[in-house]
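Here is what each chain is made of, one letter per residue.
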Amino acid sequence: MTIILQTPRLLLRTLSLDDADVMLRELNNFAITRNTARVPFPYHRDDAVSFLEFVETLDGQSCVAGIEIKSSPGELVGIISFEWSESKSDAELGYWLSEAVWGKGYGTEAARAMVEHAFVQRGHSKMVACYHDDNPVSGRILFGLGFNKTGACSNFSKAQQRDVPVTNVQLLKSDWQKQKAAL
């Protein structure tokens, strides 16, 4: 396991095949997968293995990390990532957390670290994300980090097997730098 980032309470680290069982358990919770775009429900071991293989193919402009709580090392509680799109010149932020750790601020803490990593270490100038309109908690995380609404549309949710309304957001590096300077 290689630590990618550390926050006061979290370790963001590389994923491994050892994470497949936790992914299988957690992503078979419809309360989690319903709020994702690409995660199917039910979730099978092959889905986890395929995702882990996909992560290995990403270039150095993207980053995928398992989330662990420092007080419970070795226990995966979620995944956070940004994927670079050369054609759009942006990095798309995405994440999920185990339901058992919802409401503790871990999503914000992990996302803040990944945004900083994308801008500072990877040199990206824009991050984008979207959240399901019926998942306002994810919206609060993104808006709390300084993301701004850019529009609305619908995205296909594999778990729900239908198009769902989403809000699109973005954060420019220049705006992020102004926020950091104001703190």
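Scroll up to find the structure this text is about.
Conventions and cut-offs
- Residues numbered from 1 in each chain as written.
- Predicted model: local features only at pLDDT ≥ 70, side-chain atom pairs only at ≥ 80, totals over all residues.
- Heavy atoms only, no water.
- Helix = DSSP H or I, 4+ residues; strand = E, 2+ residues; numbered from the N terminus.
- Rg over C-alpha atoms; globule rule 2.2 N^0.38 Å.
- Buried < 20%, exposed > 50% of the residue type's maximum accessible area, 1.4 Å probe, protein only.
- Contact = heavy atoms within 4.5 Å.

A. Just the overall build of the chain, in detail. In terms of helices and strands, the chain carries 6 helices and 8 strands. The C-alpha radius of gyration of the chain comes to 16 Å, within 12% of the 16 Å expected for a compact globule of 183 residues. Projected onto the principal axes, the alpha-carbon positions of the chain cover approximately 45 × 35 × 35 Å. The burial tally for the chain puts 44% of its 183 residues in the buried class. Expressed as a percentage of contacts within the chain between residues at least 6 apart in sequence, the contacts between residues at least 24 apart total 59%.

B. Structural context of unusual backbone geometry. A cis amide bond links Phe41 to the next residue, Pro42, at an omega of 0°. Positionally, Pro42 belongs in the loop between helix H2 (30-33) and helix H3 (45-57). Despite not being glycine, Ser89 has its phi angle at roughly 55°, a positive value. For Ser89, the location among the structural elements is in the loop between strand E4 (76-85) and strand E5 (90-97). Positive phi is not limited to glycine here, since Gln161 has a value of about 55°. Its location among the elements puts Gln161 in the loop between strand E7 (148-157) and strand E8 (162-172).

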